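# Breakdown of the fold
Each chain, letter by letter, is given below.
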Amino acid sequence: VLDGAHFGTLPWALKLTLLNSMGHEMSKCKTSICRGQPNPTYKETFVFQVALFQLSDVTLILSVYNKRSMKRKEMIGWISLGLNSSGEEELTHWTQMKESKGQQVCRWHSLLES
C-alpha cells in the first residue's frame with residue numbers, strides 16, 4: 001500500500017525493479033498512472049518469481065515517478081528493500097517479510113530524494 005498524499009494532484013506511478021546480488025535486473029513492473037487524486041492510495045499486488053533461498057541476495061527498488069507529459073517523467077523518490085536496503089527500517093521490513101511464512105507485512109516508508 002502506497003500513500004501519495006504529498007505528491008499533490010500530479011499524475012504519478014510506482015515502478016518496482018528486482019535486482020540480483022550483482023545489480024542486474026531480474027524483473028520489473030509498474031503501477032497504472034494515478035491522475036488528479038489529491039490523496040491517492042494504490043492497493044496493487046505484484047508477484048516476483050524468487051526462490052526462498054535467494055531472498056537474502058536480491059534487492060527490490062521502489063521508485064515513484066511524476067509523469068508530467070507523454071515523454072517526460074521525473075523521479076520523485078525511492079527506497080530499496082533487501083540485500084542493498086536504503087536504510088535500517090527497510091532492512092528490518094525485508095527481514096520481517098522473509099520470516100512471515102506467507103503472511104502480509106505492511107510498513108510505511110519515507111522516500112529518499114532522487
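Note that this is a predicted model, so its numbers are computed, not measured.

This brings us to the sheet that holds strand β5 (residues 59-67). As summarised here, the arrangement of the 5 strands in space is β3-β2-β5-β6-β7, forming an open sheet in which the pairing is antiparallel. The open sheet is flanked by β3 (25-30) and β7 (112-113), the only strands paired with a single partner. Note: strand β2 (residues 12-19) against β5, 8 bridges, orientation antiparallel. Directly across from Lys15, in β5, lies its bridge partner Ser63. On top of the sheet, helix α1 (residues 88-99) reaches β5 and β6 (73-82); it is set at about 55° to β6, its chief contact.

Attention now moves to unusual backbone geometry. As a rule of thumb, non-glycine residues mostly have phi less than zero, and peptide bonds are mostly trans rather than cis. With phi around 55°, Lys101 is a residue other than glycine that occupies positive phi space. Relative to the elements of secondary structure, Lys101 occurs in the loop between α1 and β7.

Before going further, it helps to examine the confidence of the model for the protein. For the protein, per-residue confidence averages 85 on the pLDDT scale, and 84% of positions sit at 70 or higher. For the protein, strand β1 (residues 2-3) is the element with the lowest average pLDDT, namely 54, and α1 is the one with the highest, namely 95.

We now examine α1. Each full turn of the α-helix corresponds to 3.6 residues, which orients residues three or four apart in the same direction. Here α1 contains 12 residues, and its C-alpha end-to-end distance of 17 Å stays within 8% of the 16 Å for a straight helix at 1.5 Å per residue. Of all the positions in α1, only Glu90, His93 and Trp94 are classed as buried. The buried residues of α1 occupy an angular sector of 100° when the element is viewed end-on, so they sit on one face. Set apart from the buried face of α1 by more than 90 degrees, the exposed residues are Glu88, Glu89 and Glu99. At the C-terminal side of α1, Lys101 shows a positive phi close to 55°.

What follows covers the nonpolar core. Counting 15 residues, the largest nonpolar core has Leu16, Leu60, Leu62 and Trp94 as the members making the most contacts within it. Residue contributions to this core peak at 4 residues, all from β2.

Thresholds applied
- Residues numbered from 1 in each chain as written.
- Predicted model: local features only at pLDDT ≥ 70, side-chain atom pairs only at ≥ 80, totals over all residues.
- Heavy atoms only, no water.
- Pairing = 2+ DSSP bridges.
- Helix = DSSP H or I, 4+ residues; strand = E, 2+ residues; numbered from the N terminus.
- Contact = heavy atoms within 4.5 Å.
- Axes fitted to C-alpha atoms, helices over the stretch in contact; angles between N-to-C directions.
- pLDDT = per-residue confidence, 0-100.
- Expected span 1.5 Å × (residues − 1).
- Buried < 20%, exposed > 50% of the residue type's maximum accessible area, 1.4 Å probe, protein only.
- Arc of directions from axis to C-beta.
- Core = buried A, V, L, I, M, F, W, Y, C linked by side-chain atoms within 4.5 Å.

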